[in-house]
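Results of the structural survey
Given next are the chains, with one letter for each unit.
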Amino acid sequence: MTTIPSRLAQMTRISSSRAEARLRAIDLYRAWVRAAPEICTIYALNVTPAYLRHSIRQKFEQNRHVTDQRAIEVLLLKGQQELQESLNCWKQPDHIYGILLKNNQRPHRTFLQKFYEGRDEDAVLPAASGVV
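Everything numeric here is computed off the predicted structure, so don't read it as measured data.

This part covers the packing of helix H1 (residues 18-42) against helix H2 (residues 49-62). Relative placement of two packed helices is described by the angle separating their axes and the distance separating the axes. Axis separation between H1 and H2 bottoms out at 8 Å; the angle between their running directions is 150 degrees. Taken as axis vectors, H1 and H2 run roughly antiparallel relative to one another. Relative to H2, the crossing made by H1 is right-handed. Between H1 and H2, the residues in contact are Ala25, Leu28, Tyr29, Trp32, Val33, Ala36, Pro37, Ile39 and Cys40 and Pro49, Leu52, Arg53, Ile56, Arg57 and Phe60, respectively. Per-class residue counts for the contact of H1 with H2 are 13 nonpolar, no polar and two charged.

See the structure below:
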């Protein structure tokens, strides 16, 4: 497939209300879901499009609780940017596996378990973790 950088380019816009931001989030989610088979083909991923869609759904569900209008705008901007970079083949397969498909949920540990290990991983996340 040919890379056409302008095919997904959009003007930066700000939602005037939460309802408009919600509609933009739904449109972005639909775009990601529709692009799942193409992403699997472009990057020759050894996962099914259904698994990629499931992973995308989880990423959107992680940010469902966000209510700050500015934070929602940043998340929408980053989501559109990730989609454009993914479809224009500006990423490596490792980026897709690491950021999109990696589960960032950590196993629940008690305070004492963390104390015995001598560190508190919840306080600091690595810079390249892909967590937004």
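A surface patch of nonpolar side chains, amounting to about 550 Å² of accessible area, comprises Phe111, Leu112, Phe115 and Tyr116. Turning to its location among the elements, Phe111 is positioned in helix H5 (residues 111-117).

Here we take up the confidence of the model for the chain. Looking at the chain as a whole, its pLDDT mean stands at 83, while 81% of the residues score no less than 70. When mean pLDDT is taken per element in the chain, H1 scores highest with 94 and H5 scores lowest with 77.

Let us look at the side chain of Ser15. Within the secondary structure, Ser15 sits in the segment before H1. At 2.9 Å, the side chain of Ser15 and the side chain of Arg24 are in polar contact. Those residues in contact with Ser15 that lie beyond four places of it in its chain are Glu20, Ala21, Arg24, Gln69 and Glu73.

It is at 10 Å that the axes of H1 and helix H3 (residues 69-87) come closest, and there the two elements cross at 20 degrees. Here H3 runs roughly parallel to H1, going by the angle between their axes. For the pair H1 and H3, the sense of crossing is left-handed. Contact with H1, carried on its side by Arg18, Ala21, Arg24, Ala25, Leu28, Ala31, Trp32, Ala35, Glu38, Ile39 and Ile42, involves Gln69, Ile72, Glu73, Leu76, Gly79, Gln80, Glu82, Leu83, Ser86 and Leu87 of H3 and no other residues of that element.

Enumeration according to the criterion identifies five salt bridges in this entry. Here Arg24 and Glu73 are joined by a salt bridge, their closest N and O atoms 2.8 Å apart. Placement of the pair is Arg24 in helix H1 and Glu73 in helix H3, with a sequence separation of 49 residues. Pair check on accessibility: Arg24 and Glu73 agree, each one buried. Two residues, Glu82 and Lys91, come together in a salt bridge whose shortest N-O distance is 2.4 Å. Judged by relative accessible area, which is 27%, Glu82 ranks as partly exposed.

The subject of this paragraph is the nonpolar core. Residues Trp32, Ile39, Leu45, Leu52, Leu83, Ile96 and Leu100 are the most contacted members of the largest nonpolar core, which totals 19 residues. Those elements that place two or more of their residues in this core are H1, H2, H3 and helix H4 (93-100). In terms of residue count, the dominant contributor to this core is H1 (seven residues). Ignoring sequence-local partners within four residues, the contact set of Ile96 consists of Ile39, Tyr43, Leu45, Ser86, Lys91 and Leu101.

What counts and how
Residues numbered from 1 in each chain as written. Predicted model: local features only at pLDDT ≥ 70, side-chain atom pairs only at ≥ 80, totals over all residues. Heavy atoms only, no water. Axes fitted to C-alpha atoms, helices over the stretch in contact; angles between N-to-C directions. Helix = DSSP H or I, 4+ residues; strand = E, 2+ residues; numbered from the N terminus. Parallel < 35°, antiparallel > 145°, perpendicular 65-115°, else oblique. Left-handed = near helix turned anticlockwise from the far one by under 90°. Contact = heavy atoms within 4.5 Å. Nonpolar A, V, L, I, M, F, W, Y, C, P; charged D, E, K, R; others polar. Patch = residues over 30% accessible without salt bridge, like charges linked within 9 Å, V, L, I, M, F, W, Y side chains within 5 Å. Areas by Shrake-Rupley, 256 points an atom, 1.4 Å probe, with all protein chains shown as cover. Salt bridge = Lys/Arg side-chain N within 4 Å of Asp/Glu carboxyl O. pLDDT = per-residue confidence, 0-100. Polar contact = N/O pair within 3.5 Å; in protein donor to acceptor, adjacent residues only side chain to side chain. Buried < 20%, exposed > 50% of the residue type's maximum accessible area, 1.4 Å probe, protein only. Core = buried A, V, L, I, M, F, W, Y, C linked by side-chain atoms within 4.5 Å.

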